[in-house]
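Given next are the chains, with one letter for each unit.
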Amino acid sequence: MKIKKLIPLVACIMGLSALGGCTNADQKIIFSSLWYSHTNSDSEPIHETLHYDVTFKAAESTSFVNYKLNYKDGRYTTTLVSEGTGENLVYTYTTNLSIVAQYTLGETSIEKTDTVVSEVKFKAVNFGLQPISSQKEIQSHTPKGTHVNTIEDCYQQFHYTVSTTYQNGCAEGKSVVTNLLNENGPDAKEQSFEINQKKYTYLDNEQLLAALRCIRNSTTSAKVNVYSPFVNAVQTVSLGFAADASEEFNLKKDGVDVKDTITYRPVSLQLDEQNPGATQTAWIAKGEDINGVNKYRNVMLYLKAPLAYGLGDLEYTLVSMDYQA
């Protein structure tokens, strides 16, 4: 099952990592619950839903392929819910991406809907956001980086699930990858892996973007370990935080229209390897405590995710944030 070239749709970070900008010998990240409405809060229940528009920006040159690629009707939703308190506090983070891929070869066009749905459960910040389990299902029509003869040759179809569980205090994990397009029925492949947390913090791939929100403003660089079932290995992802910037956003907060200039921290995510591949860039709202209120809760405001073969970028822009009491 060759799935390494899947489009990095947001839930498919596919193994990036982060190194804390601190002097600890083990270089682990010390997280803070910066998604709370008060940055100095020790405990606060959360039930948050974020909605993003997803748009496509084509590369300036795609002469290495003889078809045209476009994406439309992109929507991405994340939900973060806490349950329990103290040592029993558990977060559930779910994501849902849907986008239509449009391929055109000559006078012929075809549209295919891609979806990515994920759920991950993890512990509180004082446990290093230690993951408990995750599930993901991907249906993708991934572009091929070559000249093709028919419209059906423009893409390769994938439909699979990934289920990951952790044992022994997150010292080891087990991942089951199931190919749902296997002609002889679902084909499940189980992979076990060890996790060394002596130097870097370990995160599940599906919680990585959420975890960026818990990194303190004093951190300028970081590394985390993430398991990739696609290469059956724990990989390291480097995080680099650039200087603060500001952008005007038009969005809804709890149903109310908001037009505001928001300060954010740009962060780059890239594999810490000799051939790291494309770099993703996220904008994380900078945690503030104005009159005791963290207005934008360190949400991800924007994400740029390069597509395979340099065909362009998918851009995720926050359009609404909703909180239940």
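What counts, and where the lines are drawn
Residues numbered from 1 in each chain as written. Predicted model: local features only at pLDDT ≥ 70, side-chain atom pairs only at ≥ 80, totals over all residues. Heavy atoms only, no water. Helix = DSSP H or I, 4+ residues; strand = E, 2+ residues; numbered from the N terminus. Buried < 20%, exposed > 50% of the residue type's maximum accessible area, 1.4 Å probe, protein only. Contact = heavy atoms within 4.5 Å. Areas by Shrake-Rupley, 256 points an atom, 1.4 Å probe, with all protein chains shown as cover. Lys, Arg positive; Asp, Glu negative; His and termini not counted. Charge placed at Lys NZ, Arg CZ, Asp CG, Glu CD. Pairing = 2+ DSSP bridges. Salt bridge = Lys/Arg side-chain N within 4 Å of Asp/Glu carboxyl O. pLDDT = per-residue confidence, 0-100. Polar contact = N/O pair within 3.5 Å; in protein donor to acceptor, adjacent residues only side chain to side chain.

Novice: Would you mind going over the overall build of the protein chain with me for this structure?
Specialist: Looking only at helices and strands, the protein chain has 1 helix and 16 strands in total. The C-alpha extent of the protein chain, read off along each of the three principal axes, is 60 × 45 × 35 Å. Relative to its full complement of 325 residues, the protein chain shows a buried share of 50%. A separation of at least 24 residues holds for 61% of the contacts in the protein chain among residues at least 6 apart in sequence. Summed over all atoms, the accessible surface of the protein chain reaches about 14900 Å², with 44% contributed by carbon and sulfur. Seen as two clouds, the 28 positive and the 36 negative side-chain charges of the protein chain have centres 4 Å apart.

Novice: Any chance you could explain the pairing of strand β4 (residues 108-123) here in plain terms?
Specialist: Sheet topology places strand β3 (residues 90-105) next to β4; 16 bridges connect them, and they run antiparallel. In the sheet register, Val90 faces β4, and the bridge partner there is Lys123. Two successive antiparallel strands, β3 and β4, enclose a turn made up of 2 residues, where Gly106 displays a positive phi of approximately 65°. Of the pairings in the sheet, the one linking β4 to strand β5 (residues 131-143) comprises 8 bridges and is antiparallel in character. The residue bridging Val120 from the neighbouring strand is Ser134, located in β5.

Novice: When you look at the pattern of salt bridges in this model, what are you seeing that I'm missing?
Specialist: Any two side chains of opposite charge can pair, on the condition that their charged atoms come close. Under the definition given, this model contains 10 salt bridges. Salt-bridge contacts for Lys223 lead to Asp272; the nearest nitrogen and oxygen are separated by 2.8 Å. A residue pair is termed long-range when its members are at least 10 positions apart, and Lys223 in strand β10 (residues 221-228) and Asp272 in the loop between β13 (256-271) and β14 (280-285) qualify at 49 residues. Residue Lys223 is classed as buried on the basis of its relative accessible area of 17%. Residue class for Asp272 comes out partly exposed when judged on its relative accessible area of 36%.

Novice: Explain the environment of Tyr76 here, please?
Specialist: By the secondary structure assignment, Tyr76 is in strand β2 (residues 68-83). The class for Tyr76 is buried, based on a relative accessible area of 2%. The spacing of Tyr76 and Thr95 is 19 residues in sequence and 7.2 Å in space, taken between C-alpha atoms.

Novice: What is the right way to read the confidence of the model for the protein chain from this model?
Specialist: When the pLDDT values of the protein chain are averaged, the result is 89; 91% of them are 70 or greater. In the model, residues 1-24 has pLDDT below 50 throughout and makes 109 contacts with residues more than four positions away in sequence or in other chains.

Novice: Looking at this model, I keep getting lost on the pairing of β10. Mind explaining?
Specialist: It is a general feature of regular strands that their side chains alternate between the two faces of the sheet. Most of β10 is tucked away, with 7 of its 8 residues classed as buried. Relative to β10, strand β9 (residues 201-202) runs parallel, the two being bridged by 2 bridges. What sits directly across from Tyr202, in β10, is Asn225. Counted along the chain from β10 to the antiparallel partner strand β11 (residues 233-241), the turn is 4 residues long, and its residue Asn232 has a positive phi close to 50°.

Novice: Whenever I open this one, unusual backbone geometry confuses me. Can you help?
Specialist: Trans peptide bonds make up the majority, and among non-glycine residues the majority have a negative phi. Here the phi dihedral of Leu129 falls at roughly 55°; this positive angle occurs in a residue that is not glycine. Residue classification places Leu129 among the buried positions, given a relative accessible area of 0%. For Asn298, which is not a glycine, the phi torsion comes out positive at approximately 55°. Turning to its location among the elements, Asn298 is positioned in the loop between β14 and β15 (300-306).

Novice: Looking at this structure, I do not really get the side chain of Thr92. What am I missing?
Specialist: Relative to the assigned elements, Thr92 resides in strand β3. Of the polar contacts made by the side chain of Thr92, one reaches the side chain of Lys121; its length is 2.9 Å. Among all residues touching Thr92, those that are not within four sequence positions of it are Thr79, Leu80, Val81, Glu83, Glu119, Val120 and Lys121.

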